Amino acid sequence: MESRVDCLRDGELGPAEPLVTVMIATRDRAPELQRTLELLRQQQYEPLEIVVVDDGSRGEMEPVVRKLWPQATVIRHDESRGQCQRRNDGFAASQGEFILQLDDDCCFTKPGDLGAAVQYLAERPAAGAVVFDLYNGSVLPDTLRPSSAKAGCVGSFVGAAILFRADAVRQTAGYRAFYQAQGEEGELALQLIAKGWQILYCPSILAHHRLSAMNRNSLATWRRGLGNDIWTLVLHMPARRLLVEVGWRLLVGVWDAVRLGTAQKQDHMVKRRSCSW
């Protein structure tokens, strides 16, 4: 069973300010989602539509959203189909000229960041998306050095925080639903580039990715990531190079598996010793 609740957006669209859809796919992380929605309230940009897609959470997520954004669009699915499918559902429901995709544990750090991101992308018509400097960690340091990286075109992105031009996304197939999660951003980036769109990096805007530990499984993530990397090669690599590239990726995957297995074994031994103490 699936249900959808549609409501009007907060604020009216100004003559020079395009509507931005903030799209969040979530599952079983109500505290993280609540924190992100609270931080979104601090953004000064007003022509907003909030779209939250619930991928089969065990608890009700809609009250969490309604408490902070009463006019949001909440799409509830009883069955989990994975992050890729739910992000695609969010794209389909979005009405904005720009779509800000956020993880439920990620948001901007300054009130003017969204407005600056919209202006940055709007002034560059050849760009289909803009990504930002990203800090990964539960707590944002009080003093953080500005990024030394230079602005410019990039070949991929991290999906925790990215602003898309809606027209660019609609020229692609979206995320590959069978990827579920892991590696899907790189594949979508290749689709955008193949359509002639640039993906830009803007280091002056910072997003804080709090990296919730929920729904993260390193072994399952590694296995899915390896399979999805191979699928990306199959979908985009010229046939004359495909066998070599797949073979190389499998070789790297075997090495990664050995390192991951060793790290997990050491972690298990540390836990056993801790229990014996």
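Structure shown above.
Residues numbered from 1 in each chain as written. Predicted model: local features only at pLDDT ≥ 70, side-chain atom pairs only at ≥ 80, totals over all residues. Heavy atoms only, no water.

1. Brief notes about the overall build of the protein chain
Worth spelling out the cut-off: Strands here are runs of E lasting at least two residues and helices are runs of H or I lasting at least four, both read from the DSSP assignment and numbered beginning at the N terminus. Between buried and exposed lies partly exposed: a residue is buried under 20% and exposed over 50% of the maximum accessible area for its type, with that area taken using a 1.4 Å probe on protein chains only. Contacts are residue-level and defined by heavy atoms, with any inter-residue pair within 4.5 Å sufficient. Only the protein chains shown count as cover for residues, with accessible areas throughout obtained via the Shrake-Rupley method and a probe of 1.4 Å.
Looking only at helices and strands, one finds 8 helices and 10 strands in the protein chain. Taken over 277 residues, the protein chain has a buried fraction of 45%. For the protein chain, long-range pairs separated by at least 24 residues make up 81% of all intrachain contacts whose partners lie at least 6 apart in sequence. Working note: accessible area of the protein chain is about 14700 Å², and carbon and sulfur atoms make up 54% of it.

2. Concerning the layout of surface pockets
Our working rule: Using only the protein atoms, space was sampled on a 1 Å grid; points where a 1.4 Å probe fits but cannot get out form cavities, open sets with protein on both sides within 12 Å along at least five of seven lines form pockets, and lining residues are those with an atom within 4 Å of a point. Grid points are joined across faces, edges and corners, and a volume is the space filled by probe spheres set on the points. Only Asp, Glu, Lys and Arg are considered charged in this grouping, and only Ala, Val, Leu, Ile, Met, Phe, Trp, Tyr, Cys and Pro are considered nonpolar; every other residue, Gly among them, is considered polar.
Approximately 280 Å³ is the volume attributed to the second largest pocket. Considering the residues around the second largest pocket, the lining is formed by 15 residues, among which Lys110, Leu144, Pro146, Ser204 and Leu206 are closest to the centre. Considering every element that reaches the lining of the second largest pocket, the biggest residue donor is strand S10 (residues 198-209), with 3 residues. Of the residues contributing to the lining of the second largest pocket, the split by class is 6 nonpolar, 4 polar and 5 charged.

3. Details of the pattern of salt bridges
Threshold: We define a salt bridge as a contact between a side-chain nitrogen of Lys or Arg and a carboxyl oxygen of Asp or Glu at a distance within 4 Å.
All told, the structure shown has 16 salt bridges when counted by the stated rule. Put simply, glutamate 123 and arginine 124 hold a salt bridge, and the shortest N to O gap is 3.8 Å. Exposure remark for arginine 124: the relative accessible area of 31% places this residue in the partly exposed category. A salt bridge links glutamate 187 to arginine 176; the shortest N-O distance between them is 3.1 Å. In this pair, glutamate 187 sits in helix H6 (residues 184-194) while arginine 176 sits in the loop between helix H5 (166-170) and H6, placing the two residues 11 residues apart along the sequence.

4. Looking at the packing of aromatic side chains
Put simply, the rule reads: Under the pairing criterion, centres of Phe, Tyr and Trp rings, with the six-membered ring standing for Trp, must be within 6.5 Å; the plane angle then separates stacked pairs below 30 degrees from edge-to-face pairs above 60, leaving the rest tilted.
All told, the structure shown has 6 aromatic pairs when counted by the stated rule. Arranged with centres 5.8 Å apart and planes meeting at 85 degrees, the rings of phenylalanine 157 and phenylalanine 164 form a pair that is edge-to-face. Each member of the pair, phenylalanine 157 together with phenylalanine 164, is buried. With a centroid separation of 5.1 Å and 65 degrees between ring planes, the pair formed by phenylalanine 178 and tyrosine 179 is classed as edge-to-face. Phenylalanine 178 gets classed as partly exposed once you look at its relative accessible area, which sits at 45%. Taken together, the ring pairs connect Phe91, Phe157, Phe164 and Tyr175 into an aromatic cluster.

5. Some words on the pairing of strand S7 (residues 127-136)
This is how it is decided: Note on pairing: two strands pair once DSSP finds at least 2 bridges between them.
For S7, the buried fraction is high: 7 of the 10 residues fall into the buried class. For S7 and strand S9 (residues 161-165), the ladder comprises 3 bridges, and the chain directions are antiparallel. Residue valine 130 lies in a different strand from S9, and its bridge partner there is leucine 163.

6. Some points on the side chain of aspartate 103
One can find aspartate 103 in strand S5 (residues 98-103). Residue aspartate 103 is classed as buried on the basis of its relative accessible area, which comes to 11%. The contacts of aspartate 103, once residues within four sequence positions are left out, are Ile24, Thr36, Gln83, Arg87, Gly159, Ala160 and His209.

7. Brief notes about the pairing of S9
The side chains of a regular strand alternate between the sheet's two faces. The buried fraction of S9 amounts to 5 of the 5 residues, a majority that puts the element mostly inside the structure. Side chains Ala161, Leu163 and Arg165 of S9 all project onto a buried face; the interleaved residues Ile162 and Phe164 project onto the opposite face, where all are buried too. Here S5 pairs with S9 via 5 bridges, running antiparallel. What sits directly across from phenylalanine 98, in S9, is arginine 165.

8. Side note on the environment of leucine 40
Structurally, leucine 40 is set in helix H1 (residues 30-40). With a relative accessible area of 1%, leucine 40 lands in the buried category. Sequence-wise, leucine 40 and phenylalanine 108 are 68 residues apart; in three dimensions their C-alpha atoms are separated by 7.8 Å. Setting aside anything within four residues of it in sequence, one finds leucine 40 in contact with Val22, Ile24, Trp69, Leu102 and Cys107.

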